[in-house]
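# Structural overview for review
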Amino acid sequence: MTDTLTGCHVSVNGESRSFSGPLHSNALDWLRAQGLTGAKEGCAEGECGACSILVARPGAAGDPADRTRWTAINACLTPAAALAGQEVVTAEGLGSPDDLHPVQDAMALRGGSQCGYCTPGFICSMAAEFYRPGRCEAAEGHPGDEEHGPNGFDLHALSGNLCRCTGYRPIRDAAYGLPAPAADDPLAARRAAAAPTPEPTDLASGGARFLRPAGLDDALRLLAEEDSAALVAGSTDWGVDVNLKGRRAPLVIAIDQLPELRELRWDAEAVEIGAALTLSEVERGLDGRVSLLAQVFPQFASRLIRNAATLGGNLGTGSPIGDTPPALLALDARLVLSSQSGERTVPVTEYFTGYRQSVRRPDELIRAVRLPLPLAPVTAFHKIAKRRFDDISSVAVAFALTIDDGVVSRAAIGLGGVAATPIRATATEQALIGRPWTPETVRDAADVLRGEGTPMDDHRASSRYRSAMLGRSLEKLLAENPAAAHAGEEMS
Ligand SMILES: Cc1cc2nc3c(=O)[nH]c(=O)nc-3n(C[C@H](O)[C@H](O)[C@H](O)COP(=O)(O)OP(=O)(O)OC[C@H]3O[C@@H](n4cnc5c(N)ncnc54)[C@H](O)[C@@H]3O)c2cc1C
Ligand code: FES
Ligand code: FES
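What counts and what doesn't
Residues numbered from 1 in each chain as written. Chains lettered and ligands numbered in written order. Predicted model: local features only at pLDDT ≥ 70, side-chain atom pairs only at ≥ 80, totals over all residues. Heavy atoms only, no water. 1 Å grid on protein atoms, 1.4 Å probe; cavity = no way out; pocket = protein on both sides within 12 Å on 5 of 7 lines; lining within 4 Å. Points joined across faces, edges and corners; volume = space filled by probe spheres on them. Helix = DSSP H or I, 4+ residues; strand = E, 2+ residues; numbered from the N terminus. Nonpolar A, V, L, I, M, F, W, Y, C, P; charged D, E, K, R; others polar. Pairing = 2+ DSSP bridges. Axes fitted to C-alpha atoms, helices over the stretch in contact; angles between N-to-C directions. Contact = heavy atoms within 4.5 Å. Core = buried A, V, L, I, M, F, W, Y, C linked by side-chain atoms within 4.5 Å. Buried < 20%, exposed > 50% of the residue type's maximum accessible area, 1.4 Å probe, protein only. Salt bridge = Lys/Arg side-chain N within 4 Å of Asp/Glu carboxyl O. Near = heavy atom within 4 Å. Polar contact = N/O pair within 3.5 Å; in protein donor to acceptor, adjacent residues only side chain to side chain. Areas by Shrake-Rupley, 256 points an atom, 1.4 Å probe, with all protein chains shown as cover. Phe/Tyr/Trp six-rings, centres within 6.5 Å; stacked < 30°, edge-to-face > 60°. Arc of directions from axis to C-beta.

## Overview of the layout of surface pockets
Within this model, the second largest pocket holds a volume of roughly 560 Å³. Along the walls of the second largest pocket sit 28 residues, with Arg69, Glu129, Arg132, Asp154 and Arg303 positioned nearest its centre. Every element with two or more residues in the lining of the second largest pocket is listed here: strand E3 (52-58), strand E4 (68-74), helix H4 (119-130), helix H5 (135-139) and helix H10 (279-286). Looking at the lining of the second largest pocket residue by residue, the class counts come to seven nonpolar, 10 polar and 11 charged.

Shown next as structure tokens:
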């Protein structure tokens, strides 16, 4: 057994480097061991962004497949082995003290850095947005708003980066002062060619093995042979467990690049979303056409996390406080589970069986999520958390209602954070269906909603607070959709 993993290379700042180190190393530790100490460890759990790096990602879900998108991710959560064959750029690769990158120059000019600990991470997240295709074109003629600069810079790009001493205004000033990339900018030019294709990988060291299968069949065979294998997609949950809980798996199977899990398709009956598309890719691919999910994405963690996190992973953890399960419950989603014996489709309402338990067998993985069409016209996602961005919910409520001529004809409500599993608020749905969409109906149904689930007291919220928030959520939905209520009043 050896700690040196030969034959496995990654391009870092244009230079090919081979892996060495324990197999459970994350990309941050590996880069720092290479002497690239710009990226820092602040938290090792995806919260601070001090470890942000850029990776060359392929076009997906609506992006041209033959183009590259520079994507910022948390290096502390990414297994180093997952970068085999990939292209990485760190803050050192963007510019040097004698030849600053435009982002570094803007941060220096606007006073965006004091102690500098967070700065390389901010630089990488900012550079990803600097190179975002269409940023400047979309900004033409728009003065910007509270979350976008006049140069089209989307401040959400920095939602996963924390700074403890500078204050955010100079950092925002730097972001909003960025020009378009110059015509001879090499990383801008790099976008016009395809990203590296995923490299099938099989690494073993210190009793551990990391495998990136070439396709779904290989992944399913491995899963059938080794039921203690850990499936890893974006690693935003798995990476935290490795770093903070010391979890080690004898076999890790990387499924994030499996082509069969990375398709987004519409047909007459459903939209099918590949389980290994990142949430950022799904957000771009759907482009607002599933309004409930469009409301979930900006509230889910940060851009850095969404650039890696997947729907499969959010369901795979079985967490009762995941953000997408309440929305998928309200959308009547079906999960496509694959194994060597074939595929089966399970309604998400039947998927969760207990705390972090599900009907998924150890030899199965989630290949895709199907959302039946047509979609309900009145939707909302209310996430109650201590912070607006980058926080886990205390309670999450997802609504999908159809209101015909002022009367609720269909209601589906998904809840998170009020039971051992995400649940449907079936009693409340029954209290709404067939009744006019009026303040009286909502008042009655809100009473029912307050009694749904079995909310508990914990460090995030008390059970009384959680119940109260459920009722307020329905009242808020009415306030957000007053036109439908007026139609109801005229009817009643
Ligand atoms: C800082 C931070 C903030 C976060 N904020 C939020 C938040 O706001 N809302 C929220 O809901 N979550 C949040 N999370 C949790 C996490 O980002 C999500 O659960 C995410 O969707 C996990 O996806 P992943 O691809 O990274 O999963 P991974 O970490 O790769 O895997 C997680 C689990 O799912 C399993 N799995 C992965 N893919 C599949 C598949 N296709 N089939 C079967 N099993 C699979 C894995 O085996 C593993 O057990 C946050 C995490 C961090 C670190
Ligand atoms: S070290 Fe804090 S997000 Fe990675
Ligand atoms: S400059 Fe000190 S933490 Fe940001």
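## A look at the sheet that holds strand E13 (residues 342-347)
Read from one edge to the other, the open sheet built from five strands follows the order E10-E11-E16-E12-E13, with strand pairing classed as antiparallel. What marks the edges here is a single partner per strand, and that holds for strand E10 (264-266) and E13. This sheet shows a mean twist of 20° between the axes of neighbouring strands, independent of strand direction. Two strands pair when backbone bridges link them, and strand E12 (residues 334-339) and strand E16 (residues 365-372) are joined in this way by five bridges, in the antiparallel orientation. In the sheet register, Val336 faces E16, and the bridge partner there is Ala368. Together, E12 and E16 form the strand contacts of helix H8 (residues 216-225), whose direction differs from that of E16 by roughly 120°.

## Topic: the nonpolar core
Within the largest apolar cluster, 74 residues are counted, with the highest numbers of intra-cluster contacts made by Ile273, Leu293 and Leu371. With sequence-adjacent residues up to four places away left out, Ile273 is seen in contact with Glu263, Leu264, Val282, Leu286, Leu293, Leu311, Ala368, Val369 and Leu371. One finds Ala91, Cys118, Met126 and Cys163 within the second-largest nonpolar core, a separate group that totals 31 residues.

## A look at the pattern of salt bridges
Counted under the stated rule, the structure contains 29 salt bridges. Here Glu272 makes a salt bridge to Arg367, at a shortest N to O gap of 3.0 Å. Residue Glu272 is located in strand E11 (residues 270-274), and its partner Arg367 is located in strand E16; the two are separated by 95 residues in the primary sequence. Across the pair, Arg367 and Glu272 agree in class, each one buried. Between Arg367 and Glu343 there is a salt bridge, with the nearest N and O atoms lying 2.5 Å from each other.

## Some details on the site of ligand 1
Neighbouring ligand 1 are 33 residues; Leu231, Ala233, Thr236, Asp237 and Thr310 lie closest to it. Trp238 places a polar main-chain atom, nitrogen or oxygen, 2.8 Å from an oxygen atom of ligand 1. The backbone of Ala301 places a nitrogen or oxygen atom 2.9 Å from an oxygen atom of ligand 1. When the free accessible area of ligand 1 is taken as 980 Å², the share hidden by the protein chains comes to 92%. Elements that contribute at least two residues to the shell around ligand 1 include exactly strand E8 (230-232), helix H9 (238-244), helix H13 (311-316) and E16. A class-by-class count of the residues in the shell around ligand 1 yields 14 nonpolar, 11 polar and eight charged.

## Description of the sheet that holds strand E6 (residues 201-205)
The mixed open sheet is built from four strands, whose spatial order is E6-E7-E9-E8. Edge strands, defined here as strands with exactly one partner in the open sheet, are E6 and E8. Put simply, the sheet's adjacent strands are angled 15° from each other on average, direction ignored. Across three bridges, the pairing between E8 and strand E9 (residues 251-254) is parallel. Bridging from a neighbouring strand, Val232 pairs with Ala254 of E9.

## Notes on the environment of Leu277
Relative to the helices and strands, Leu277 resides in the loop between E11 and H10. Separated by 35 residues in the primary sequence, Leu277 and Gly312 have C-alpha atoms spaced 8.5 Å apart. Sequence-distant contacts of Leu277, defined by excluding residues within four places in its chain, comprise Ala60, Ala61, Leu261, Arg262, Glu263, Leu264, Val282, Ala309, Thr310 and Leu311.

## Considerations on the packing of aromatic side chains
Taken as a whole, this structure holds four aromatic pairs when the rule is applied. With a centroid separation of 6.5 Å and 50° between ring planes, the pair formed by Phe122 and Tyr168 is classed as tilted. Highlighted residues: Phe122 in helix H4 and Tyr168 in helix H6 (residues 168-176), separated in sequence by 46 residues. The buried category is assigned to Phe122, whose relative accessible area is 1%. Summarising the aromatic geometry, the rings of Phe130 and Tyr131 are spaced 4.9 Å apart at their centres and angled 75° between planes, so their arrangement reads as edge-to-face.

## Regarding the pairing of strand E19 (residues 407-416)
Where burial is concerned, most of E19 is hidden: seven out of the 10 residues are buried. Relative to E19, strand E18 (residues 395-404) runs antiparallel, the two sharing nine bridges. When the bridges of E19 are listed, Ile403 appears paired with Val408. Hairpin geometry of E18 and E19 is characterised by an intervening segment of two residues between the two adjacent antiparallel strands and by a positive phi of about 45° at Asp405. Where E19 and strand E20 (residues 423-424) come together, two bridges link them in antiparallel fashion. Residue pairing across strands places Leu415 opposite Ile423, the latter belonging to E20.

## Some details on H8
Every buried residue belonging to H8 is among Leu216, Ala219, Leu220, Leu222 and Leu223, and all of these are buried. Angular distribution of buried residues about the axis of H8 spans 160°; they occupy a single face of the element. Exposed residues on H8 whose side chains face more than 90 degrees from its buried face are Asp217 and Glu225. Those residues of H8 that are buried lie in contact with strand E7 (208-212), E8, E9, E12 and E16.

## Quick notes on unusual backbone geometry
At the junction of Leu373 and Pro374, the peptide bond is cis and its omega measures out at 0° in the coordinates. Of note, Pro374 is situated in the loop between E16 and strand E17 (378-384). Positive phi, close to 65°, is recorded for Ser235, a residue that is not glycine. Among the secondary structure elements, Ser235 is positioned in the loop between E8 and H9. For Ser235, a relative accessible area of 4% puts it in the buried group.

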